[in-house]
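Observations on the three-dimensional arrangement
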Amino acid sequence: MERRASLTLIRGGRVVDPSRDFDATADLLLEGGRVRAVGRVELPADCEVIEAAGLVVAPGLVDMHVHLREPGYEYKETIAGGLAAAVAGGVTSVAAMPNTRPVTDDPSIVDFVLGRATAAGLANLFPIGAITRGLEGKELTEMGLMKEAGCVAFSDDGRAVVSGSVMRRALEYSRAFSTLIIQHAEDPGLAGCGCMHEGLISTRLGLPGIPAQAESSLVDRDVRLVELTGGRYHVAHISTAGAVAAVARAREAGLPVSCEVTPHHLALTDEAVMGYDTDAKMSPPLRGAGDRAALLEGLARRVITVIATDHAPHDRDSKRVEFCRATNGVIGLETLLPIALELVRDGVLPLKECLAAITCNPAALLGIDRGTLAVGAPADVVLFDPAEVWTVDASRLHGTARNTCFDRRRVMGRVKLTLVGGRPVFREGI
Amino acid sequence: MSLPREEILLGSDQTPGIIADMAVRLANDITRPDKRVVVGIRRGGAQLAYLLRQQLTPLLDRELPLGFLDITFYRDDLDTIGPNPVVGGTDLAMNIDDKRIILVDDVLFTGRTIRAALNALFDYGRPEIVDLAVLVDRGHRQLPIQPDYAGVVIETGEREFIKVREGEGGALTVVRRFL
Amino acid sequence: MRSTAFTEGSGSEMIAGNSAWSKKHLLGMEGLTREEIGVILETASSLREVNHRDIKKVPTLRGKTVINLFFENSTRTRTSFELAGKRMSADVINFSVNASSVSKGESLYDTVANLKAMNPDVVVIRHPESGAPQFLAHHLDAAIVNAGDGRHEHPTQSLLDILTIDDNLLRLGRTEFSGLTVAICGDVLHSRVARSNAWGLATMGARVRFVGPPTLIPPHAAEVFGVEVHHDMESGLAGAEVVMMLRLQTERMQGGFLPSTREYFHYWGLDRRRLAMAAPEAIVMHPGPMNRGVEIASDVADDPERAVILDQVANGLAVRMAVLYRLCGGGRKG
């Protein structure tokens, strides 16, 4: 083992820290796993130096929507495997969804998950607890005890909380602990047996479609319940123009409503399903061009403030089947940064705003002291080359799963070094 | 790439005489005109069959039934015909059981077309006799098949193309093409 | 029995379109050119003659292996392909996979891996899920024929329908498809036959209408297929020269698409009165099997003057022979 200097200086990079509205060439001094100074720093004695000229130095990314398949589905991905993928993508904090087996609906499961993450020693894991026991949409979980155990939000993700009364009680009860309720907004009755977005492509392919209204109608209802209850409500993986409009209205009215969008919904449309590509199958489905445009506009207008991956690893057999029978989900941790940077390239967001959506904004919603380079904050840092062009190769990703919808895509922006608590956990070429 | 060289072997002024001569030889051999049927192999033998039948009519004092045979589905070279074989369709309206068939094709070369035509013919019935009449016998047989009536016998190289073309008024021209 | 729209010149002339087939698979009508459709129909026209002989067999596909892989019960389509293969002298093997045994274990991928070992030349697949033939084309070297996938496509049905319409063009007072009005009526949403015919007939130049209750018309149908959509039979049948009725699956009542077969027949069933709204010589088609009294009245279905439903069956055999021939034959080595 190499001896670690307790001091690390990251020298001469472009430091972009949206949490403090900071964007300048600067040095970053880390000590004892925390940020000690940002600015012009004299080289102290016994200090490891990392030259960052030409690189962007940013807070480690925060992905508030990740599926780690442990416990229960280790053949798809383990916690250690998922966290390896995270740090390779510059993600230093992940919020893990509770749809494991058993479901994270009890403090003991929270303990187990946190123990596994600590053992892996890679990215930080922040568990999200289930809203209802077994994700069955009926009885509320022990949100207070689970929050004490470490849960940062609650969600039945993978399924919607369908019952209006259950959602009402969840939003009400969560207020006692000021915690966030995250909804997978899809009306299962309206979605029916649909396996892709209902539109021109579904009709051409002869696949049953899911209308956009399956999402927007549930978001509309939930916003009414927020009016009623005052609970903090967050729409996971928003995908439709109608739902964006509903969130925009709620935010204008000052309601505690927020939402996130995935890189794949920003970058792709239902055209990607042509040829029945099961790696383009997820829930919610890839939408039409009009919905995609509304998502980009929602980001630009700050209606959507978070980009999260909905990273959903699956084994090969779950995807190597007929389209309708394929499991929903795509991985995204390792492509989060370059796909997000396409927004900068395309003029949708300036770099600082773009990074805010994957650092301080989600951290603030979850109430965690991450996604910032403020002095005293944990030294979670990512260094990336914003100009390096590379080609995504599913077979060379760092996690276990291979189900990316961006295979063979030419992208720009590559992670060079990821530090968690000041410790290098991923290094590529520097 | 130079254009293929072409040489006319028999002009449209020469072939009618040859066909007339074939008809005379055929007519001399025909003992049971009531049993005779002319069958042309598509596509090259069709026009020759028509012309032969025309010449036979005054000689026999009757018009023999005329049929056409498409052998596309009987060829033994499915993978090598080229990408898109032309299917012309078979038109054998008559019953050929116990008939004496005059099978007609334009050029006799390897014998494979005739083999296929015989197979096809026997799927329609059981003729008593099959005679083979061709305008040109160019040699290079690969099967034990010989013509009963050949208009002309021509010495050819194996890689030459011998084509029979139908000109205006239906007269035939025989050309040799070099690659 | 020559086809009207595809035959040009005398028998010894080159037939237009006969040189246009270049597809390795037949996965759907979408994307087929008019020339490619012409090639299949022209070949089928020639092959029809084989089916009327004493010896109903040609040696064309001797030594070729055709596997019929059926994941749905369909005695008609399977026997049609089986007979087509046998009449072309191919070795035909039938695999009927019960959908329930699929759910018990073997995946489509495993089935494909097993097929691979048999080195087939053609695999004919019928499957309840849209896209299954594409899956096979991706994983197998054989030529794939889609014999119906989910609600996606059923190209051989469309080809036989086009051939049947072609046979009747003269009686409809036409020499080509251009301008011909075809009404496809009933459960269009769940119908692969309707989708394939919408593509195929549009390529041929016909004007296609979808006629049915709003719950059974696919979303965005007009935009995707370039068809006219009608929700009532009166306007949908007005002037139609071909009336193509679709099978209504009774499961649709449970799915909430329709309240009852009684109401369905009342508003969208084809009876004498409704047929009278179509063009005077209009022909009636149905891909089978028919639900008499649900989508079509028996006296219409059995009317020899108007219904060409049995001609469709006969043409189906010839079309499938032609498809097998074109996919096996001709220059695949090059």
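Here the structure is a predicted model, which means the values were calculated and not measured. (Residues numbered from 1 in each chain as written. Chains lettered and ligands numbered in written order. Predicted model: local features only at pLDDT ≥ 70, side-chain atom pairs only at ≥ 80, totals over all residues.)

Turning our eyes to something else, we now look at the arrangement of the chains. Inter-chain contacts occur across two pairs of chains; the most extensive set of contacts lies between chains B and C. Nothing in chain A touches chain B, and the closest approach of their C-alpha atoms is 27 Å. (Contact = placed C-beta atoms within 7 Å.)

Before going further, it helps to examine the domain arrangement of chain A. Bring the parts together and some accessible area is lost; that lost area is often taken as the interface size. Residue and element names in this part refer to chain A. Split into domains, chain A comes out as domain 1 (7-57 + 377-427) and domain 2 (60-366). Centre-to-centre, using C-alpha coordinates, domain 1 lies 25 Å away from domain 2. Elements with a contribution of two residues or more to the side of domain 1 that touches domain 2: strand E16 (381-391), strand E17 (410-420) and strand E18 (423-427). Considering every element that reaches the side of domain 1 that touches domain 2, the biggest residue donor is E17, with six residues. Grouping the amino acids of the side of domain 1 that touches domain 2 by side-chain chemistry returns 17 nonpolar, eight polar and two charged. (Domains from an automatic or database assignment. Helix = DSSP H or I, 4+ residues; strand = E, 2+ residues; numbered from the N terminus. Nonpolar A, V, L, I, M, F, W, Y, C, P; charged D, E, K, R; others polar.)

Contacts between chain A and chain C engage 18 residues on the former and 21 residues on the latter. Among the elements that line the side of chain A that touches chain C, the one with the most residues is helix H6 (residues 200-205) of chain A, at four residues. When grouped by side-chain class, the residues that make up the side of chain A that touches chain C number seven nonpolar, five polar and six charged.

Residues and elements named next belong to chain C. Read from one edge of the open sheet, five strands run E7-E6-E5-E8-E9, paired in parallel fashion. What marks the edges here is a single partner per strand, and that holds for strand E7 (228-230) and strand E9 (283-285). Geometrically, the sheet is characterised by an average inter-axis angle of 20° between neighbouring strands, direction not taken into account. Relative to E9, strand E8 (residues 242-245) is paired through three bridges, and the arrangement is parallel. From the neighbouring strand, valine 242 faces E9, where its bridge partner is isoleucine 283. (Pairing = 2+ DSSP bridges. Axes fitted to C-alpha atoms, helices over the stretch in contact; angles between N-to-C directions.)

Let's shift gears to the nonpolar core. Residue and element names in this part refer to chain C. Ranked by size, the top nonpolar core spans 287 residues in total, and within it Ile184, Val243 and Leu324 carry the most contacts. It is helix H14 (residues 309-328) that contributes the most residues to this core, 11 residues altogether. Those residues in contact with valine 243 that lie beyond four places of it in its chain are Ala183, Cys185, Leu237, Leu270, Leu275, Ala278, Ala282 and Val284. (Core = buried A, V, L, I, M, F, W, Y, C linked by C-beta atoms within 7 Å. Buried ≥ 20, exposed ≤ 12 C-beta atoms within 10 Å, placed from the backbone.)

For the rest of this paragraph, the subject is the environment of Arg320(A). All names here are of chain A. Within the secondary structure layout, arginine 320 lies in the loop between helix H11 (316-319) and helix H12 (336-345). Classification of arginine 320 by C-beta neighbours within 10 Å gives partly exposed; the count is 17. Here the alpha-carbon distance between arginine 320 and leucine 296, two residues 24 residues apart in the chain, equals 32 Å.

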